[in-house]
Amino acid sequence: MDTTVSTLIVAAVILVVIVAIAWGWSRRKQAQSEVATPPKPHMGIKAVSEPVEGSYVSTTKAGHPLERVAVHGLGIRTTGELVVTDGGVIMDLAGREDFLIPRRDIVSVDTTNGMIGKFVERGGIIRITWHLGDTLVDTGFRTRYAASTTPTVDRIREMIEEAQ
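Note that the coordinates shown come from a computational prediction; the quantities given were computed from them, not determined experimentally.

Enquirer: Help me understand a nonpolar patch on the surface, please; the structure alone is not making it clear to me.
Expert: A cluster of nonpolar side chains, V5, I9, V13, V17 and I21, forms an exposed patch at the surface whose accessible area comes to about 430 Å². Mapped onto the elements, V5 comes out in helix α1 (residues 3-31). V5 gets classed as partly exposed once you look at its relative accessible area, which sits at 37%.

Enquirer: What exactly am I supposed to notice about the packing of aromatic side chains here?
Expert: The geometry of an aromatic ring pair is captured by the separation of the ring centres together with the interplanar angle, meaning the angle of the planes. Scanning all chains against the criterion turns up two aromatic pairs. Look at Y56 and F99: their rings are 5.9 Å apart centre to centre, the planes differ by 80°, and that puts the pair in the edge-to-face class. On the criterion of sequence distance, the pair formed by Y56 in strand β1 (residues 52-61) and F99 in strand β4 (residues 99-102) is long-range, its members being 43 residues apart. Y56 gets classed as buried once you look at its relative accessible area, which sits at 0%. On the basis of relative accessible area, F99 is assigned to the buried category, the value being 2%. Taking 6.3 Å as the distance between ring centres and 15° as the angle between the ring planes, the aromatic pair formed by F99 and W130 counts as stacked. You can see F99 sitting in strand β4 and its partner W130 sitting in strand β8 (residues 125-132), a full 31 residues away along the chain. A single burial state applies to F99 and to W130, both of which are buried. Counting every residue linked through ring pairs, the aromatic cluster contains Y56, F99 and W130.

Thresholds, definitions, all that
- Residues numbered from 1 in each chain as written.
- Predicted model: local features only at pLDDT ≥ 70, side-chain atom pairs only at ≥ 80, totals over all residues.
- Heavy atoms only, no water.
- Patch = residues over 30% accessible without salt bridge, like charges linked within 9 Å, V, L, I, M, F, W, Y side chains within 5 Å.
- Areas by Shrake-Rupley, 256 points an atom, 1.4 Å probe, with all protein chains shown as cover.
- Salt bridge = Lys/Arg side-chain N within 4 Å of Asp/Glu carboxyl O.
- Helix = DSSP H or I, 4+ residues; strand = E, 2+ residues; numbered from the N terminus.
- Buried < 20%, exposed > 50% of the residue type's maximum accessible area, 1.4 Å probe, protein only.
- Phe/Tyr/Trp six-rings, centres within 6.5 Å; stacked < 30°, edge-to-face > 60°.

Right, here's the structure in full:
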């Protein structure tokens with residue numbers, strides 16, 4: 001077989017795969033169109049701790065760590081900072097709009113070793129379960145330094161207890 005034909009076949013297969021991925025992503029976004037837009041941080045909230053550097057992992061449907069929420073950019077992994085404030089938790093994300101997890105909407109916080117596409121050591125990802133409109137979701141954040149994980153989880157737990 002000629003190398004030109006082989007190259008064209010491989011290129012066609014790659015193109016079909018890319019088109020299938022794009023089609024699947026757009027279908028997922030259509031299916032999740034009812035998911036509310038996360039609130040933006042607003043003036044007047046004060047940080048109660050220093051920002052924690054790390055990586056925003058993703059937001060998934062609660063209890064379904066492999067079902068990524070695709071709408072509103074919530075399914076895209078990026079670097080950023082997690083900031084615990086008196087109004088909730090701010091996800092300050094590089095190259096994306098920041099969003100606020102309001103303190104009144106937070107159900108629980110814990111750690112996990114994996115969420116869609118990111119699996120690490122035991123307890124390496126902070127998982128915040130919260131209400132995004134009518135949808136219960138889990139948002140994952142991996143701190144850059146492992147020593148920051150436990151204090152951050154503790155601060156968020158204190159905030160939840162104070163809100164009750």
